[in-house]
Amino acid sequence: MAVLDFAHLTWEEVRDLDRTKAVAILPVGAVEAHGPHLPLATDVIIAEIMARAAGARLAARGYDALVLPPLAYTAADFAAGFPGTVSLRPATVTALLVDLARSLARHRFSVLAVANAHLDPAHLAAIEAAVVQNGPDAEARIVFPDITRKPWAPRLTAEFQSGACHAGQYESSIVMAARPELVREAIRRSLPANPRSLSVAIRSGQTSFEAAGGSRAYFGSPADAGVDEGARTIDVLGAILEEAILAVLVP
């Protein structure tokens, strides 16, 4: 069994897959500002590496992990004030996910797992709405471990749990491990820490990075990021998604 790029297969190769041992995984991110040192596609990069890490674990258990082309556009209003950020209406995201699950169901796939790395509240709500609309008895279940909540969040880094983690040590470490050539290293090392918590800002009613205290679209400590931390975090993210999928496949 293997980790396969779904869109690189032929239709006959998809036809011949053992549906009882095949899992579709959708990386979900955003195109939005991630400080002056990380690319706009940071969340997409993290979602893809999360999907592949989970896929490798599933392949070792005898499943074919089918990694779909990523969903790169979504609700991203918190970063909307920064050039390059692209934001969709949450309802658009919900409808796309539901339609995708229903389309996969027509081809007898039973699971659509969402490897999500974008944490904008409107985006998370849009995924949750898709899970509800699709329903627990759907032919293709949408599996979505929300890493901002228990039991998943406590397994991630201290910075992540603090809420000061957008383009900070947590995300910078992952991109350094996955796509180091895309990190503007000289800028990253020069950035002072921004300890303001997005979680606290959201609870207090803030609706933008600027209002939350992120004038350069980053929170946390990019300068403290490291490849080793990134590799460890990727492994944890893969384990989280694997466990959420297995909870559906092996109740």
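Note that this is a predicted model, so its numbers are computed, not measured.

### Looking at the overall build of the protein chain
Turning to step 1, where the next piece is worked out: Each helix and strand counted, the protein chain has ten helices and five strands in total.
Turning to step 2, where the next piece is worked out: Over its C-alpha trace the protein chain gives a radius of gyration of 18 Å, about what one expects of a compact globule, namely 18 Å for 251 residues.
Turning to step 3, where the next piece is worked out: In terms of overall dimensions, the protein chain has a C-alpha envelope of 55 × 35 × 30 Å along the principal axes.
Turning to step 4, where the next piece is worked out: Within the protein chain, the proportion of its 251 residues that are buried is 52%.
Turning to step 5, where the next piece is worked out: Restricting the contact set of the protein chain to residue pairs at least 6 apart, pairs at least 24 apart contribute 78%.
Turning to step 6, where the next piece is worked out: About 11,000 Å² of surface is accessible on the protein chain, with carbon and sulfur atoms providing 55% of the total.

### Re the side chain of His 166
Turning to step 1, where the next piece is worked out: Within the secondary structure, His 166 is located in the loop between α5 (158–162) and α6 (169–178).
Turning to step 2, where the next piece is worked out: You can call His 166 buried: its relative accessible area is 8%.
Turning to step 3, where the next piece is worked out: At 2.9 Å, the side chain of His 166 forms a polar contact with the backbone oxygen of Ala 33.
Turning to step 4, where the next piece is worked out: Non-local contacts of His 166, meaning those with residues more than four positions away in its chain, are made with Glu 32, Ala 33, His 34, Glu 171, Leu 198, Phe 209, Ala 217, Tyr 218 and Phe 219.

### Concerning the packing of helix α3 (residues 90–106) against helix α4 (residues 121–134)
Packed helices, taken two at a time, are described by the angle their axes make and the gap between the axes.
Turning to step 1, where the next piece is worked out: Where α3 meets α4, the closest approach of the two axes is 8 Å, and the angle between their N-to-C directions is 40 degrees. Considered as vectors, α3 and α4 are oriented oblique to each other. Considering how the two elements wind past one another, α3 and α4 form a crossing that is right-handed. When α3 is examined against α4, the residues Pro 90, Val 93, Thr 94, Leu 97, Val 98, Ala 101 and Arg 102 are found in contact with a partner set consisting of Ala 122, Ala 126, Ile 127, Ala 129, Ala 130, Gln 133 and Asn 134.

### Notes on the pattern of salt bridges
Turning to step 1, where the next piece is worked out: Scanning the model with the defined rule gives eleven salt bridges in all.
Turning to step 2, where the next piece is worked out: Residue Asp 5 pairs with Arg 52 through a salt bridge whose shortest N-O separation is 2.5 Å. Remark: Arg 52 occurs in helix α2 (residues 42–60) and Asp 5 occurs in strand β1 (residues 3–5); sequence separation between them is 47 residues.
Turning to step 3, where the next piece is worked out: Asp 235 serves as the salt-bridge partner of Arg 57, at 3.1 Å between the closest nitrogen and oxygen. Placement of the pair is Arg 57 in helix α2 and Asp 235 in helix α10 (residues 227–249), with a sequence separation of 178 residues.
Turning to step 4, where the next piece is worked out: With relative accessibility at 43%, the residue Asp 235 sits in the partly exposed group.
Turning to step 5, where the next piece is worked out: Each of Arg 57, Arg 61, Asp 235 and Glu 242 takes part in salt bridges that share partners, so that together they form one network.

### Digging into the sheet that holds β1
Turning to step 1, where the next piece is worked out: In spatial order, the strands read β1-β3-β2-β4-β5; together these five strands make up an open sheet with parallel pairing. Looking at strand neighbours, the two that pair on one side only are β1 and β5 (141–143), the edges of this open sheet. In this sheet, neighbouring strand axes are inclined to one another by 30 degrees on average, regardless of whether the strands run parallel or antiparallel.
Turning to step 2, where the next piece is worked out: Relative to strand β3 (residues 64–67), β1 runs parallel, the two being bridged by three bridges. In the sheet register, Val 3 faces β3, and the bridge partner there is Ala 65.
Turning to step 3, where the next piece is worked out: Here α2 sits on the sheet and contacts β1, β2 (22–28), β3 and β4 (111–116); the angle it forms with β2, its principal contact strand, is near 165 degrees.

### Notes on the packing of aromatic side chains
Turning to step 1, where the next piece is worked out: Tallying each qualifying case throughout the model produces five aromatic pairs.
Turning to step 2, where the next piece is worked out: Residues Phe 78 and Phe 209 carry aromatic rings whose centres are separated by 6.0 Å and whose planes lie at 55 degrees to one another, so their mutual orientation is tilted. Within this pair, whereas Phe 78 is found in the loop between β3 and α3, its partner Phe 209 is found in helix α9 (residues 209–212), the two being separated by 131 residues in sequence. Of the two residues, Phe 78 and Phe 209, neither departs from the other in class, the shared state being buried.

### What to know about the side chain of Ser 197
Turning to step 1, where the next piece is worked out: Tracing the backbone shows Ser 197 in the loop between α7 (185–190) and α8 (198–203).
Turning to step 2, where the next piece is worked out: Polar contacts involving the side chain of Ser 197 include one to the main-chain amide nitrogen of Ser 199, which spans 3.3 Å.
Turning to step 3, where the next piece is worked out: Ignoring any residue separated from it by four or fewer positions in sequence, one finds Ser 197 in contact with Ser 162, Gly 163 and Ala 164.

### Details of the nonpolar core
Turning to step 1, where the next piece is worked out: Residues Ile 25, Ile 147, Tyr 170, Leu 237, Leu 241 and Ile 245 are the most contacted members of the largest nonpolar core, which totals 40 residues.
Turning to step 2, where the next piece is worked out: Looking at this core, the elements that each hand over two or more residues are β2, α2, β3, β4, α6 and α10.
Turning to step 3, where the next piece is worked out: With near-sequence residues (within four places) excluded, Ile 25 lies in contact with Ala 51, Gly 55, Leu 58, Ala 65, Leu 66, Val 67, Leu 68, Ala 113, Ala 115, Leu 241 and Ile 245.
Turning to step 4, where the next piece is worked out: Counting residues in hydrophobic clusters, the runner-up holds 23 residues, among them Ala 22, Leu 66, Leu 71 and Ile 142.

Cut-offs applied
- Residues numbered from 1 in each chain as written.
- Predicted model: local features only at pLDDT ≥ 70, side-chain atom pairs only at ≥ 80, totals over all residues.
- Heavy atoms only, no water.
- Helix = DSSP H or I, 4+ residues; strand = E, 2+ residues; numbered from the N terminus.
- Rg over C-alpha atoms; globule rule 2.2 N^0.38 Å.
- Buried < 20%, exposed > 50% of the residue type's maximum accessible area, 1.4 Å probe, protein only.
- Contact = heavy atoms within 4.5 Å.
- Areas by Shrake-Rupley, 256 points an atom, 1.4 Å probe, with all protein chains shown as cover.
- Polar contact = N/O pair within 3.5 Å; in protein donor to acceptor, adjacent residues only side chain to side chain.
- Axes fitted to C-alpha atoms, helices over the stretch in contact; angles between N-to-C directions.
- Parallel < 35°, antiparallel > 145°, perpendicular 65-115°, else oblique.
- Left-handed = near helix turned anticlockwise from the far one by under 90°.
- Salt bridge = Lys/Arg side-chain N within 4 Å of Asp/Glu carboxyl O.
- Pairing = 2+ DSSP bridges.
- Phe/Tyr/Trp six-rings, centres within 6.5 Å; stacked < 30°, edge-to-face > 60°.
- Core = buried A, V, L, I, M, F, W, Y, C linked by side-chain atoms within 4.5 Å.

So, to be careful, I would describe these as geometric facts and stop short of saying anything about function.
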